[in-house]
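Listed below are the residues making up each chain.
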Amino acid sequence: PFCYPDFNAVTCNLLPDEAAAPQRYDGIKFVVLADPRQAGIDSLLRKIYEIYSDFALKNPFYSLEMPIRCELFDQNLKLALEVAEKAGPFGPGS
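As a starting point, this report considers the structure included with it.

The rules we used
- Residues numbered from 1 in each chain as written.
- Predicted model: local features only at pLDDT ≥ 70, side-chain atom pairs only at ≥ 80, totals over all residues.
- Heavy atoms only, no water.
- Helix = DSSP H or I, 4+ residues; strand = E, 2+ residues; numbered from the N terminus.
- Expected span 1.5 Å × (residues − 1).
- Buried < 20%, exposed > 50% of the residue type's maximum accessible area, 1.4 Å probe, protein only.
- Contact = heavy atoms within 4.5 Å.
- Axes fitted to C-alpha atoms, helices over the stretch in contact; angles between N-to-C directions.
- Parallel < 35°, antiparallel > 145°, perpendicular 65-115°, else oblique.
- Left-handed = near helix turned anticlockwise from the far one by under 90°.
- Core = buried A, V, L, I, M, F, W, Y, C linked by side-chain atoms within 4.5 Å.

### Things to note about helix α2 (residues 41-57)
No. 1: Relative to the 24 Å expected for 17 residues at 1.5 Å per residue, α2 spans 22 Å between its end C-alpha atoms, a close match to the ideal helical length.
No. 2: Among the residues of α2, Leu-44, Leu-45, Ile-48, Tyr-49, Ile-51, Tyr-52, Ser-53 and Ala-56 are the ones counted as buried.
No. 3: Looking at the buried positions of α2, the neighbouring elements they touch are α3 (71-87).

Next comes the structure, spelled out in structure tokens:
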């Protein structure tokens, strides 16, 4: 993952609807590019933030505004994305 100072401006232009990329109290914003028919994007974004909270924010060596370098974060994020991908564009069983 990467970030740069004008990321918020870019996402505001690409995603004018704040619900598509909600910004949290700590200023972090996760963006998921997916098929518009993909089910469960809101829950995926919540899961990504939960993983971020568990494996980055609780890590005493992590500093805000720095890249996330944590193997457990990467593994759990990959798992969450695989689960979302398996759900298919219309949800489970599609």
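### Describing the packing of α2 against α3
No. 1: For the pair α2 and α3, interaxial distance at closest approach is 9 Å and the crossing angle is 165°. Taken together, the axes of α2 and α3 are roughly antiparallel relative to one another. Regarding α2 and α3, the two cross each other, and that crossing is right-handed. Residues Leu-44, Lys-47, Ile-48, Ile-51, Tyr-52 and Phe-55 of α2 form the contact with α3, whose own contacting residues are Leu-72, Phe-73, Asn-76, Leu-77, Ala-80, Leu-81 and Ala-84.

### Observations regarding the nonpolar core
No. 1: Among the nonpolar cores identified, the biggest contains 15 residues, and Phe-30, Tyr-52, Ile-68 and Phe-73 are the most heavily contacted of them.
No. 2: Those elements giving two or more residues to this core turn out to be α2 and α3.
No. 3: Residue contributions to this core peak at seven residues, all from α2.

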